[in-house]
Amino acid sequence: MKFDRPIFIIGTSRSGTNILYKLFTTHKNTAYFENNSSRFYKKPYMFRFIPMLMKYQKLKYKIDRPKTSEGWVWDKFYTPLQHLNESHATNDVKNYYFNAISNQLKAFNANRFVGSNPRNCMRIKWLNNMFPNAYYIIITRDTKSVINSMYQVITKKRKKWGKKFLEPPSTLRGYGHIKKMLGENDSDFQTCLDWYKLYKNTLNNDLELVNERTIHVKYEDFVKDSQNTIKTLYDFTGLEWYDELNSQIPEQVDLTRNERWKLLPDKEKEILLDFVEKTNI
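Okay, so let's go over this structure.

Quick notes on the rules
Residues numbered from 1 in each chain as written. Predicted model: local features only at pLDDT ≥ 70, side-chain atom pairs only at ≥ 80, totals over all residues. Heavy atoms only, no water. Helix = DSSP H or I, 4+ residues; strand = E, 2+ residues; numbered from the N terminus. Expected span 1.5 Å × (residues − 1). Buried < 20%, exposed > 50% of the residue type's maximum accessible area, 1.4 Å probe, protein only. Arc of directions from axis to C-beta. Contact = heavy atoms within 4.5 Å. Salt bridge = Lys/Arg side-chain N within 4 Å of Asp/Glu carboxyl O. Axes fitted to C-alpha atoms, helices over the stretch in contact; angles between N-to-C directions. Parallel < 35°, antiparallel > 145°, perpendicular 65-115°, else oblique. Nonpolar A, V, L, I, M, F, W, Y, C, P; charged D, E, K, R; others polar. Pairing = 2+ DSSP bridges. Core = buried A, V, L, I, M, F, W, Y, C linked by side-chain atoms within 4.5 Å. Phe/Tyr/Trp six-rings, centres within 6.5 Å; stacked < 30°, edge-to-face > 60°. Lys NZ or Arg CZ within 6 Å of the ring centre and 35° of its normal.

1. Quick look at helix 13 (residues 266–279)
And step 1. Here helix 13 is 14 residues long and its end C-alpha atoms lie 20 Å apart, about the 20 Å a rise of 1.5 Å per residue gives.
And step 2. Turning to helix 13, its buried residues number three or more, namely Glu268, Leu272, Phe275 and Thr279. For helix 13, the buried positions fall inside an angular range of 60° around the axis, keeping them on one side. Exposed residues lying more than 90 degrees from the buried face of helix 13 are Asp266, Lys267, Glu270, Glu277 and Lys278.
And step 3. Check the buried side of helix 13 and you find it contacts helix 7 (143–161) and helix 9 (188–206).
And step 4. Backbone geometry just downstream of helix 13 places Asn280 in the positive-phi region, at approximately 55°.

2. Quick word on the pattern of salt bridges
And step 1. Scanning the entire structure with this criterion turns up 10 salt bridges.
And step 2. The salt bridge involving Arg5 is made with Asp4; its shortest N-O contact spans 2.7 Å.
And step 3. As a salt-bridge pair, Asp142 and Lys144 come within 3.1 Å of each other at their nearest N and O atoms.
And step 4. On the basis of relative accessibility, which here comes to 26%, the residue Asp142 falls in the partly exposed class.
And step 5. One connected set of salt bridges, linked through shared partners, spans Asp75, Arg119 and Arg123.

3. Looking at the packing of helix 8 (residues 175–183) against helix 9
And step 1. Relative orientation of the contacting elements helix 8 and helix 9 amounts to 90°, with a least axis distance of 10 Å. When the axes of helix 8 and helix 9 are compared, the pair comes out roughly perpendicular. Residues Tyr175, Ile178, Lys179, Leu182 and Gly183 of helix 8 lie in contact with helix 9, whose contacting residues are Asp188, Thr191, Asp194, Trp195 and Leu198.
And step 2. Across the contact of helix 8 with helix 9, the residue classes tally to 5 nonpolar, 2 polar and 3 charged.

4. Re the sheet that holds strand 5 (residues 214–218)
Each strand in a sheet pairs with its neighbour through backbone hydrogen bonds, running either in the same direction (parallel) or in the opposite one (antiparallel).
And step 1. Strand order in the open sheet formed by 5 strands is 2-3-1-4-5, with parallel pairing between adjacent strands. In this open sheet, the two edge strands, each paired with only one partner strand, are strand 2 (30–31) and strand 5.
And step 2. Both strand 2 and strand 3 (residues 112–116) contribute to a ladder of 2 bridges, which runs parallel. The residue of strand 3 that forms the bridge with Thr30 is Arg112.

5. Description of the nonpolar core
And step 1. Counting residues in hydrophobic clusters, the biggest one holds 80 residues, and the most contacted among them are Phe24 and Trp126.
And step 2. The dominant element in this core, judged by the number of residues it contributes, is helix 5 (residues 91–108), at 9 residues.
And step 3. Look past the residues within four positions of Trp126 in its chain and what remains in contact with it is Trp74, Tyr78, Leu84, Asn85, His88, Ala89, Val93 and Tyr97.

6. Here we look at the environment of Trp195
And step 1. Secondary-structure assignment places Trp195 in helix 9.
And step 2. As for Trp195 and Glu167, which are separated by 28 residues in sequence, their C-alpha atoms are 19 Å apart.

7. Brief notes about helix 11 (residues 226–237)
And step 1. For helix 11, built from 12 residues, the straight-helix expectation of 16 Å at 1.5 Å per residue is met to within 8% by its first-to-last C-alpha distance of 16 Å.
And step 2. Within helix 11 the residues assigned to the buried category are Ser226, Gln227, Thr229, Ile230, Leu233, Tyr234 and Thr237. Around the axis of helix 11, the buried residues are gathered within 160° of arc, so they sit on the same side.

8. Examining the pairing of strand 1 (residues 7–10)
And step 1. Here strand 1 shows two buried faces, one formed by Ile7 and Ile9 and the other by Phe8 and Ile10.
And step 2. Looking at chain direction, strand 1 and strand 3 are connected through 3 bridges and run parallel. Within strand 3, the position partnered with Ile9 by the bridge is Ser116.
And step 3. Across 4 bridges, strand 1 lies against strand 4 (residues 135–140) in parallel orientation. Bridging from a neighbouring strand, Ile10 pairs with Ile138 of strand 4.

9. As for the packing of aromatic side chains
And step 1. Summed over the entire model, instances satisfying the criterion amount to 28 aromatic pairs.
And step 2. Measuring from centroid to centroid gives 5.6 Å for Phe33 and Trp74, while their planes differ by 65°, and the two rings are edge-to-face. With Phe33 in the loop between strand 2 and helix 2 (35–39) and Trp74 in helix 4 (residues 71–74), this residue pair connects regions lying 41 residues apart in the sequence.
And step 3. Each ring, one from Trp195 and one from Tyr199, has its centre 6.2 Å from the other, and the planes form 80°; the classification is edge-to-face. With a gap of 4 residues between them, Trp195 and Tyr199 both fall in helix 9, about one helical turn apart.
And step 4. When the ring centre of Phe77 is taken as reference, the NZ or CZ atom of Lys76 above it lies at 5.8 Å.

Here's what the structure looks like:
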């Protein structure tokens with residue numbers, strides 16, 4: 001099944017994908033996975049009822065653009081650290097996603113699908129096989145800020161869950177698997193470094209395959225000039241700007257958290273600076 005140029009926003013965790021995704025999908029001609037698709041991700045036959053459920057939401061709750069909810073759908077078949085290639089795009093996998101996306105497009109009454117998931121750093125070859133006409137928006141952020149933000153989220157969740165942090169129902173879904181795969185005895189900070197390096201290196205190696213359909217955005221530039229950045233991305237992906245978006249998409253968003261890595265303890269700060277200097281990614 002061929003869709004009209006799907007769009008994938010890709011970046012490592014904590015690189016700004018969420019805010020870019022939220023603003024980008026303000027466009028009325030975009031659809032995405034939301035709470036209903038996440039709720040029924042194990043039952044693909046239920047996707048056919050999503051348009052009906054969306055109409056019900058709109059009538060009862062006045063919800064026109066529900067909150068995105070992607071992770072469960074994209075994790076249906078594969079784990080967060082699997083490097084996927086063309087062979088992983090089996091007929092069953094394709095049928096699942098084609099069915100899911102078709103019904104999301106109907107539910108939103110749109111013809112452009114937008115996806116965003118950090119796991120897709122590991123899945124460019126897989127996505128390109130399923131969606132050969134897709135566009136890719138790659139967002140990057142200062143490495144020190146990304147790793148610090150990852151570490152702070154993990155630290156906060158670990159304090160909340162204690163010894164059960166890596167077990168269900170911990171809300172930091174997937175980290176337990178990542179921890180075991182990258183080094184269960186390593187510190188959380190080291191896991192963040194390894195996780196980031198794996199995602200970035202894999203993404204950089206595979207992007208050449210879709211280079212002509214890829215646009216790059218720096219988080220630091222995006223937050224300073226959000227509306228014009230979104231306009232540029234719409235132009236690249238073939239979405240038209242319309243008047244209502246002037247009030248819906250802000251001219252800029254907050255950047256105050258980008259220097260918080262400087263508040264790390266001296267030991268972690270030294271490790272981080274050494275990592276940035278040596279890896280150059």
